[in-house]
Every structure is written in C-alpha cells, then in structure tokens.
Amino acid sequence: MMRPLLLLLLIAGIVLGIGYPWVVGNFSGEEIGSWRVYDRPGPYKPVTVTLTAGDAPVRAFVDMQPLRNFVPSVGRSALTAVVTRQGRDVLVRTLNYENSKAANKGSPQGPQVYRDSIGDIDPVEDGDYVFTIGPGDFDGLEVAEVDLVLRKGATAVDWRAMPAGIALIVISLFGLVRLRRSRKAAANNVPPPPKWGR
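Note that the structure is predicted; figures quoted are calculated from it, not measured.

1. Points about the overall build of the chain
1) Next: Broken down by element type, the chain carries 2 helices and 9 strands.
2) Next: Scanning the chain from its N terminus toward the C terminus, one meets helices and strands in the order α-β-β-β-β-β-β-β-β-β-α.
3) Next: Relative to its full complement of 198 residues, the chain shows a buried share of 35%.
4) Next: Considering only contacts within the chain whose residues lie at least 6 apart along the sequence, 80% involve residues at least 24 apart.
5) Next: As displayed, the chain has an accessible area near 12,700 Å², and 58% of this comes from carbon and sulfur atoms.

2. Looking at the sheet that holds strand S6 (residues 103–104)
1) Next: The 5 strands lie next to each other as S1-S9-S3-S7-S6, forming an open sheet whose pairing is antiparallel. Two strands in the sheet have a free side with no partner beyond their single neighbour: strand S1 (30–39) and S6.

3. Brief notes about the nonpolar core
1) Next: In this structure, Met64, Tyr97, Ile118, Ile121, Phe131 and Val146 are the most contacted members of the largest nonpolar core, which totals 28 residues.
2) Next: Broken down by secondary-structure element, the contributors of at least two residues to this core are S1, strand S2 (47–51), strand S3 (58–66), strand S4 (79–85), strand S5 (88–95), strand S7 (112–121), strand S8 (127–135) and strand S9 (143–152).
3) Next: Within the second largest apolar cluster, 5 residues are counted, among which are Leu6, Leu10, Leu176 and Leu179.

4. Remarks on unusual backbone geometry
1) Next: At the junction of Arg40 and Pro41, the peptide bond is cis and its omega measures out at 15° in the coordinates.
2) Next: Mapped onto the elements, Pro41 comes out in the loop between S1 and S2.
3) Next: Look at the link from Ala56 to Pro57: it is a cis peptide, with omega at -15°.
4) Next: Mapped onto the fold, Pro57 is located in the loop between S2 and S3.
5) Next: Unusually for a residue other than glycine, Gln86 sits at a positive phi of about 55°.
6) Next: Unusually for a residue other than glycine, Tyr97 sits at a positive phi of about 60°.
7) Next: Looking at Tyr97, the relative accessible area reads 0%, which means it is buried.

Calculation criteria
- Residues numbered from 1 in each chain as written.
- Predicted model: local features only at pLDDT ≥ 70, side-chain atom pairs only at ≥ 80, totals over all residues.
- Heavy atoms only, no water.
- Helix = DSSP H or I, 4+ residues; strand = E, 2+ residues; numbered from the N terminus.
- Buried < 20%, exposed > 50% of the residue type's maximum accessible area, 1.4 Å probe, protein only.
- Contact = heavy atoms within 4.5 Å.
- Areas by Shrake-Rupley, 256 points an atom, 1.4 Å probe, with all protein chains shown as cover.
- Pairing = 2+ DSSP bridges.
- Core = buried A, V, L, I, M, F, W, Y, C linked by side-chain atoms within 4.5 Å.

Okay, here's the thing in structure tokens:
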C-alpha cells in the first residue's frame, strides 16, 4: 500500500518540479510567428514585428542551429539579443543556451537546434518592436541558422511549484529507500528452514 503511494508522490513531484516549468516556459500561449534572422553565410538581419497590447505577455525565443557539436558554456555567450521600441531598449540579453536541450529538426536524424529565451515583453504597447540578434563571444562557434519565435499570451511560471515538486521527489525517494531497506531487513530476519539429517 505504501509503495504505490510513494510512486504517485514521485510522479507528482517530477511533473510539478520539472515538467510544469518546462511546458509553461516553452509552450504556453499562442505562436505569433517565426522569422529567420540568420542564414549562413549571413549577415544577421533585424526583424520588425508589430505587436498590440492584447498580445501581452509576449515571450521571445531564439532557436540556433550550430554547424558542429556545440557545448553550452556559462561564461560564453553564443548570441546577443536586443529588443527595442521607438529606439528604446525593452529587452537586452546574452544567450548561452546553458539550460537548453538540443532538439532534432524535422526528424530524429535532423540537425540539432538549441532554444533560449530572450524574456517576456510585458506590458506590450501598440507599435513596432525591432529584434536584433547578433553573434556572441563564443570562440569557434559556427552557426548555420537562427530563428526568432514569438508567442503571445504566454503564462508566467509559478516558481513556488518547483520547490514543492522537488520536496515531493526527495520525500518519495527517501520513503522508497526506507521501505526497501525495511523489507530487506525483514527478509533477513526470517529463520532458515530446518535441516534434517539422516
């Protein structure tokens, strides 16, 4: 009875602590569109998108397809991103893709694409927003393609859910380990069957 309950707690913890933030961060809201900002051999092209107040919050992603194997590094930026409206900075971000997992484009054998977020535009004022993506300071990084992806009505992640999920994972794993040890100890305490001699 205890084991199924602990397994349910473990699943709930994984969903709450890991699955929920990832799904909300990447898939909440409705996609406005996707724009190619770089196609090798270049150059990087700024993109102008007209947004309205009803689109808020708008979440901006930059999908990067490197030519060769790419290992994200905290100290190095792969790309830089600046979002402006009427000449004023709205978002400024360096993208290192540290927490990005490569996804294969088109098919399991397709090229690997990394996604990082510039952030959320909230509130949104009616008008044109200019998205300028450029190279970072990552030595030796060769980029094949870069796309800007915008989603409107994106839901903000409730970060209180993550500690709760992690706590459930820790409690359930601790309980499963204790349960296994107690069962093992109980099995060891069973007296061996009597040996009958001739």
